[in-house]
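Residues per chain are reported as follows:
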Amino acid sequence: MFTAIALLGATMSLMAAPTRTGASSQDENQPLESPLGIGLLPPLAQYPEQAWSVTGFRFNLLAGHHCDVFALDIGTFVNIADGDMFGLEVAGIYNQIGSSSGSLQIAGLANTCSGTFGGVQIAGILNPNCRS
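In short, a report on the structure. (Residues numbered from 1 in each chain as written. Predicted model: local features only at pLDDT ≥ 70, side-chain atom pairs only at ≥ 80, totals over all residues. Heavy atoms only, no water.)

Moving on, we get to the overall build of the protein. Across its full length, the protein carries 1 helix and 13 strands. The N-to-C order of helical and strand elements in the protein reads α-β-β-β-β-β-β-β-β-β-β-β-β-β. Taken over 132 residues, the protein has a buried fraction of 33%. Across the protein, contacts joining residues at least 24 apart in sequence account for 3% of those joining residues at least 6 apart. (Helix = DSSP H or I, 4+ residues; strand = E, 2+ residues; numbered from the N terminus. Buried < 20%, exposed > 50% of the residue type's maximum accessible area, 1.4 Å probe, protein only. Contact = heavy atoms within 4.5 Å.)

So, on to the pattern of salt bridges. Applying the stated criterion across every chain yields a total of 1 salt bridge. Here Asp73 ties to Arg58 by a salt bridge, and the two come within 2.7 Å at their closest N and O atoms. In this pair, Asp73 sits in strand S6 (residues 69-75) while Arg58 sits in strand S4 (residues 53-60), placing the two residues 15 residues apart along the sequence. (Salt bridge = Lys/Arg side-chain N within 4 Å of Asp/Glu carboxyl O.)

Let's shift gears to the environment of Leu41. Summarising the element assignment, Leu41 is placed in strand S2 (residues 32-41). Given a relative accessible area of 45%, Leu41 falls into the partly exposed group. With 22 residues separating them in the primary sequence, Leu41 and Ala63 have C-alpha atoms 5.7 Å apart.

Turning to the packing of aromatic side chains, a few remarks are in order. Inspection of the entire model under this criterion finds 1 aromatic pair. When the centroid spacing of 6.2 Å and the interplanar angle of 5° are considered together, the rings of Phe70 and Phe86 count as stacked. On the criterion of sequence distance, the pair formed by Phe70 in strand S6 and Phe86 in strand S8 (residues 85-91) is long-range, its members being 16 residues apart. (Phe/Tyr/Trp six-rings, centres within 6.5 Å; stacked < 30°, edge-to-face > 60°.)

Quick look at the pairing of S6 now. In the sheet, S4 pairs with S6 via 5 bridges, with the strands oriented parallel. The residue bridging Phe59 from the neighbouring strand is Ile74, located in S6. (Pairing = 2+ DSSP bridges.)

Note the cis peptide between Pro42 and Pro43, where omega equals -5°. Looking at where Pro43 falls in the secondary structure, it is placed in the loop between S2 and strand S3 (45-47).

Take the side chain of Gln105 next. Counting through the fold element by element, Gln105 comes out in strand S10 (residues 101-107). At 2.6 Å, the side chain of Gln105 and the side chain of Gln121 are in polar contact. Look past the residues within four positions of Gln105 in its chain and what remains in contact with it is Glu89, Asn95, Ile97, Asn111, Thr112, Phe117, Val120, Gln121 and Ile122. (Polar contact = N/O pair within 3.5 Å; in protein donor to acceptor, adjacent residues only side chain to side chain.)

Right, let's get into the nonpolar core. Counting residues in hydrophobic clusters, the biggest one holds 6 residues: Val69, Ala81, Met85, Ile97, Cys113 and Phe117. Those residues in contact with Val69 that sit more than four places away from it in its chain are Val54, Arg58, Ala81, Asp84, Met85 and Phe86. (Core = buried A, V, L, I, M, F, W, Y, C linked by side-chain atoms within 4.5 Å.)

Bringing the environment of Asn111 into the picture now. By the secondary structure assignment, Asn111 is in strand S11 (residues 110-116). Classification of Asn111 as buried rests on a relative accessible area of 0%. A sequence separation of 13 residues divides Asn111 from Gly124, and the C-alpha atoms of the two residues are 9.4 Å apart. Setting aside anything within four residues of it in sequence, one finds Asn111 in contact with Asn95, Gln105, Ile106, Gln121, Ile122, Ala123, Leu126, Asn127 and Pro128. Separated by 3.1 Å, the side chain of Asn111 and the backbone oxygen of Ile122 make a polar contact. A polar contact is formed between the side chain of Asn111 and the side chain of Asn127, at a distance of 3.0 Å.

As structure tokens, this is what we get:
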């Protein structure tokens, strides 16, 4: 039993290990990436920090705020991506994307995308977008 728990913990640690996108000097300004994101109340309580990108699964208890999000983004209240979001994004209240998106967004009240949106948005009240 203890061995199984230790192996699970080691696996989760490796999965959440940060990486830098690209290796050239041009990519030095790219955000760090983590396959796992957890948000409680940004910027005070979230992993990783807001400037990072999440490239796997992000769960936000109250809210989550990261640079880019790729894959699955689940939040009870609010999900925010300053850059791009590609994948499935579900929030109890509101989803916000600062740049481009090719995703399925589902929210209780509203979904917004400031850049180009290519996907499907489902919201209880509003889906305003600048470009589609």
